[in-house]
Amino acid sequence: MTDRTDTQAVARNAGLTSGEVAERVARGEVNDVPVRSSRSTTEIVKANVFTRFNAIIGVLFLVILVVGPIQDGLFGFVIVANTAIGIFQEMRAKRTLDNLAVIGESRPTVRRDGAAVEIHTSAIVLGDFIELGPGDKAVVDGEVVEAEGLEIDESLLTGEADPVLKKAGDPVMSGSFVVAGGGAFTATKVGREAYAAQLAEEASRFTLVDSELRNGISQILKYVTWMMIPTAIGLIISQLVLERNDWREAVRRTVGGIVPMVPEGLVLLTSVAFAIGVVRLARKQCLVQELPAIEGLARVDVVCLDKTGTLTEGGMDVTGLRLLDGAPEPYIQQALGALGASDPRPNASLQAIIDAYPASANGDGWHCNDALPFSSARKYSGAAFAEPGGDSSTWLLGAPDVLLPDGHTALADIDELNNQGLRVLLLARTHRALDDPSLASDVVPQGLVVLEQRLRPDAADTLRYFAEQGVQAKVISGDNAISVGAVASKLGLPGAEHPVDARRLPTDRDAMAEVLENGTVFGRVTPQQKRDMVAALQSRGHNVAMTGDGVNDVLALKDADIGVSMGSGSEATRAVAQIVLLNNSFATLPSVVAEGRRVIGNITRVATLFLTKTVYSVLLALLVVFWQVPYPFLPRHLTLLSTLTIGVPAFFLALAPNKERAKPHFVRRVMRYSAPAGVICAAATFGEYLLARHHYTGDGALDAETSSATLTLFLISLWVLAIVARPYTLWRVCLVLAMAAGFLIVLVTPWLQDFFALKLVGTEGPWVGVGVALAAGLVLELVWRTLRVRDTD
């Protein structure tokens, strides 16, 4: 504890002068470590251009440029266009995120020229006096010069969960945060010299990794590479042997067989879908600090909500003061006013008391000798005073059920108030010193302060949305369980009528998980218990999201699968959360969930299209090698098919609305559909190709066979697209019909026929191709429906 008089003397330290700040800036002693919310422009360009498959496509494109004609190299221009789109969308997302990061950036308070001013983190210089209060994060390394009950949590750096009581002269590490008390420290290391600050920058950097979706796609691409290499070698050898008299034709058909094996647009569309999701959420003032958080929240099945700041607004109002043990009301009001004045950084409850009983009116003459800041772990604050008449007194203000023994007569009245959803604080006197470990024992209750919390108008609708989506909502609060239950009941949360007091929760993880599975509302939860509860839910296989705005939520936010912080919350919560709601609206969460489901559901759809093409391309190449026949397609044919049945429709499908609940095992689900679809496409196409080889003879036979096989493959691929596009809406139907119309235009337009070397000969061959495609489509429907039934069982 720090004597109030000494603290005030120290507080007169004026900090640096403007001249001293200018000198340090000139010497480069500035906290110039860039706080980045997104990847750099260079990183974005590299990620989109220098990919494994772009390298493969680029080499094949150069080969076609040598052997010609140019229309067989159209796939190269498609890759350029796709890459440019990817860079543009990610740059757009980067600008949006950087702008939002500036809005949500912490602004530490420093003392300069005798005044406390808020500045940007990057403007701190060596030797600055930086003030600290509950929830503030140390942004540079330093040394404590003022401490008033200053407790700092260094768990994000050291792993030690217990707060450390700091005194003058103690070190402060950047990345740690204040859990109780206040003070100030001098910056001793700034910029890149503060190693812990660099760690914090790395930890909070915008990232595109560590998501099931992206990891699954990487796994798929690895398998594709393994399949491509031996298949491509076999295809090259077979085509060169067959077409030894026309090596250019052999090269063109070899390239035609290799190019469609590459799912070149899959990674691109995933990045574009995520980037557009970021931009959409930005319009709703939602800062996504880690890109996979969009996907992660869509997979969440349990949302843990902190009542204050989430279900209720931050402010409170004093609605009554109930006196106990005959205490005189004017005297109690003076004590409350003095307690309010003793805390330089009051929380919402104390601020309501200050507004109701200002010290200027009721507390003149009360001198604070010692103060105990509020801590969410102990649930009360306190102060020792010298009263105007010369008497000394020590007061505590906090949770009645913590300060009063079980069975106390006042608890009955408190329970009645809590049942009405009101919050109650006990004002009590004690004869013990504030640093006595038994401080809360044998208190003398003097009054009950009744507070009313303001419900968020959108909270009920948000809770209803989660219930409809099969996401369980758990209210976890440090307040009285009955009071929290009453608030949750007003919002229509199922199970809120049976609140659980967390002080009676079992410590064993399995036993705690069992209680959490059955309960909905939990009160008197300590910060460590919040962390334990998240771990217990995760042990039962749940994907857990934690929301909060207070410093007591930091540990749980850090351990949850997804941490969501309010923009007005403490600096520490914003630092560890993956998602920050800058508009402080809990109602934004459904938009984040919906955006994540859109991304996951749509990427699953388009991945099925891309991998169906990869499967049938590999199988066609193997069949050609086994039968020792010319590869049926030129690169231009498969470029046309890929554009009409995959490229263009995939772009629209990837950005379409999608409310399907996210499911795990991305790779397994995609391959479960694309593998049989690819087998059916390859078998039907190659079967039609063999029939066409039997039907057509003489000059131009290979061109006629190629055209007939192309027609069959297009119709089956279009059928796959029609299945993937379900459930149908008007625009989805128009999309499928437009792709069919595009192919028809090529077939009937003479110059396009010549450009794509695609001309149907006779009537029997093409109609056989249509019949084969129809039969394959019916098989495809049967297989697809069977798999869907199994998925729903």
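Treat the numbers as computed from the prediction; the structure is a model and nothing was measured.

Calculation rules
Residues numbered from 1 in each chain as written. Predicted model: local features only at pLDDT ≥ 70, side-chain atom pairs only at ≥ 80, totals over all residues. Heavy atoms only, no water. Helix = DSSP H or I, 4+ residues; strand = E, 2+ residues; numbered from the N terminus. Buried < 20%, exposed > 50% of the residue type's maximum accessible area, 1.4 Å probe, protein only. Areas by Shrake-Rupley, 256 points an atom, 1.4 Å probe, with all protein chains shown as cover. Lys, Arg positive; Asp, Glu negative; His and termini not counted. Charge placed at Lys NZ, Arg CZ, Asp CG, Glu CD. Pairing = 2+ DSSP bridges. 1 Å grid on protein atoms, 1.4 Å probe; cavity = no way out; pocket = protein on both sides within 12 Å on 5 of 7 lines; lining within 4 Å. Points joined across faces, edges and corners; volume = space filled by probe spheres on them. Nonpolar A, V, L, I, M, F, W, Y, C, P; charged D, E, K, R; others polar. Contact = heavy atoms within 4.5 Å. Axes fitted to C-alpha atoms, helices over the stretch in contact; angles between N-to-C directions. Core = buried A, V, L, I, M, F, W, Y, C linked by side-chain atoms within 4.5 Å. Parallel < 35°, antiparallel > 145°, perpendicular 65-115°, else oblique. Salt bridge = Lys/Arg side-chain N within 4 Å of Asp/Glu carboxyl O. Phe/Tyr/Trp six-rings, centres within 6.5 Å; stacked < 30°, edge-to-face > 60°. pLDDT = per-residue confidence, 0-100. Patch = residues over 30% accessible without salt bridge, like charges linked within 9 Å, V, L, I, M, F, W, Y side chains within 5 Å. Expected span 1.5 Å × (residues − 1).

### Describing the overall build of the protein chain
In terms of regular secondary structure, the protein chain is built from 29 helices and 21 strands. Residue burial in the protein chain is summarised as follows: out of 793 residues, 57% are buried. Here the protein chain has roughly 32100 Å² of accessible surface; of this, 58% comes from carbon and sulfur atoms. When the 70 basic and 85 acidic side-chain charges of the protein chain are each reduced to a single mean position, those positions are 9 Å apart.

### Some thoughts on the pairing of strand β11 (residues 367–375)
The pairing of β11 with strand β12 (residues 380–386) spans six bridges and is antiparallel. In the strand pairing of β12, C368 is matched with F385. What sits between the antiparallel neighbours β11 and β12 is a turn of four residues, in which K379 has the positive phi angle 75°.

### What to know about empty space enclosed by the protein
Summed over the entire model, instances satisfying the criterion amount to two cavities of 30 Å³ or more. Of the pockets and cavities examined, the second largest cavity occupies roughly 50 Å³. If you trace the second largest cavity, you find it lined by L609, T612, K613, Y616, T645, I646, S717 and V720. Contributions of two or more residues to the lining of the second largest cavity are made by α23 (589–627), α24 (635–654) and α26 (701–724). Ranked by residue count, the leading element in the lining of the second largest cavity is α23, at four residues. Across the lining of the second largest cavity, the residue classes tally to four nonpolar, three polar and one charged.

### Some details on the sheet that holds strand β20 (residues 562–566)
Read across the sheet, eight strands follow the order β8-β21-β20-β19-β9-β16-β18-β17 without closing on themselves; strand pairing throughout is mixed. Since the sheet does not close on itself, it has two edges, and those belong to β8 (286–288) and β17 (500–501), each with one partner. For β20 and strand β21 (residues 579–581), the ladder comprises three bridges, and the chain directions are parallel. Looking at the pairing, S565 lines up with V580 of β21. Contacting β8, β19 (544–548), β20 and β21, helix α11 (residues 292–299) runs over the sheet at an angle of about 105° to β20.

### A look at the environment of P163
Here P163 shows up in the loop between α6 (155–158) and β5 (164–165). Sequence-wise, P163 and K284 are 121 residues apart; in three dimensions their C-alpha atoms are separated by 36 Å. Residues within four places of P163 in sequence aside, it is in contact with E151, I152, D153 and V179.

### What about the environment of N583?
Relative to the helices and strands, N583 resides in the loop between β21 and α23. Remark: the alpha-carbon pair of N583 and G567, spanning 16 residues in sequence, is separated by 6.4 Å. Contact partners of N583, with chain neighbours within four places excluded, come to K284, Q285 and T588.

### Observations concerning the nonpolar core
Counting residues in each nonpolar core, the largest one holds 86 residues, and the members touching the most others are F75, I603, V606, L653, F666 and F743. At 12 residues, the largest contribution of residues to this core is made by α23. Apart from residues no more than four positions distant in its own chain, L653 is found in contact with N602, V606, L609, L721, V724, A725, W731, R732 and L735. Counting residues in hydrophobic clusters, the runner-up holds 37 residues, among them A93, L281, C286 and V564.

### A look at the packing of α11 against α23
It is the contact of α11 with α23, at a shortest axis distance of 7 Å, that shows an interaxial angle of 100°. Comparing their axes, α23 and α11 come out roughly perpendicular. Between α11 and α23, the residues in contact are I294, E295, L297, A298 and R299 and L589, V592, V593, E595, G596, R597 and I600, respectively. Residue classes in the contact of α11 with α23 are distributed as seven nonpolar, one polar and four charged.

### Description of the pattern of salt bridges
With the rule as written, the count across this model stands at 25 salt bridges. Here R636 and D72 are joined by a salt bridge, their closest N and O atoms 2.6 Å apart. Of the two residues, R636 sits in helix α24 while D72 sits in the loop between α4 (52–67) and α5 (74–104), which places them 564 residues apart along the sequence. Across the pair, exposure class does not vary: R636 and D72 are buried alike. For R693, the salt bridge identified is with E705, shortest N-O distance 3.5 Å. Note that R693 is positioned in helix α25 (residues 666–695) and E705 in helix α26, a separation of 12 residues in sequence.

### Some points on unusual backbone geometry
In the segment running from R726 into P727, the intervening peptide bond is cis, with an omega of 0°. Take P727: it is sitting in the loop between α26 and α27 (730–748). Phi angles above zero are rare outside glycine, and K379 is one such case at about 75°. With respect to the secondary-structure elements, K379 resides in the loop between β11 and β12. Look at K379 and you get buried, because its relative accessible area is 9%. Unusually for a residue other than glycine, Q628 sits at a positive phi of about 55°. Summarising the element assignment, Q628 is placed in the loop between α23 and α24.

### Describing the packing of aromatic side chains
Applying the stated rule across the entire model yields 15 aromatic pairs. Seen in terms of ring centroids, F651 and F652 are 6.2 Å apart; in terms of plane orientation they differ by 85°. Their pairing is edge-to-face. A residue is classified by how much of its surface remains accessible, and F651, at 29% relative accessible area, is partly exposed. You can call F652 partly exposed: its relative accessible area is 45%. Here the aromatic rings of Y673 and W784 are separated by 4.9 Å at their centres, their planes lie at 40°, and the arrangement is tilted. In this pair, Y673 is assigned in helix α25 and W784 in helix α29 (residues 764–792), connecting sequence segments 111 residues apart. Accessibility classification places Y673 together with W784 in one group, the buried group.

### Here's the deal with the confidence of the model for the protein chain
Across the protein chain, the average pLDDT comes to 83, with 91% of residues at or above 70. Mean pLDDT in the protein chain bottoms out at helix α1 (residues 4–11), which sits at 39, and peaks at α27, which reaches 95. Across residues 1–12 the pLDDT falls below 50, and counting only partners more than four positions away or on other chains, this stretch makes 26 contacts in the model. Low pLDDT (under 50) marks residues 200–209, which in the prediction has 26 contacts with non-local residues, meaning those over four places away or in another chain.

### Considerations on the pairing of strand β1 (residues 109–112)
Regular strands have side chains that alternate between both faces of the sheet. In β1, alternate side chains face the same way, and those of T109 and R111 on one face and V110 and R112 on the other are all buried. Pairing analysis gives four bridges linking β1 to strand β2 (residues 115–118), with the strands arranged antiparallel. By the bridge assignment for β2, R111 is matched with A116. The antiparallel pairing of β1 with β2 creates a hairpin that spans two residues between the two strands, and D113 there sits at a positive phi of about 55°. Bridge count between β1 and strand β3 (residues 129–132): two bridges; the pairing is antiparallel. Paired with V110 across the bridge in β3 is I130.

### What about a nonpolar patch on the surface?
On the surface, a nonpolar cluster with roughly 390 Å² of combined accessible area is contributed by L62, L65, I70 and F77. You can see I70 is positioned in the loop between α4 and α5.

### Overview of α23
When the terminal C-alpha atoms of α23 are compared, their 57 Å separation across 39 residues agrees well with the 57 Å that a helix rising 1.5 Å per residue should span. Counting buried positions along α23 gives 32 out of 39 residues, so the element sits mostly inside the fold. Looking one or two places after α23, you find Q628, whose phi comes out positive at around 55°.

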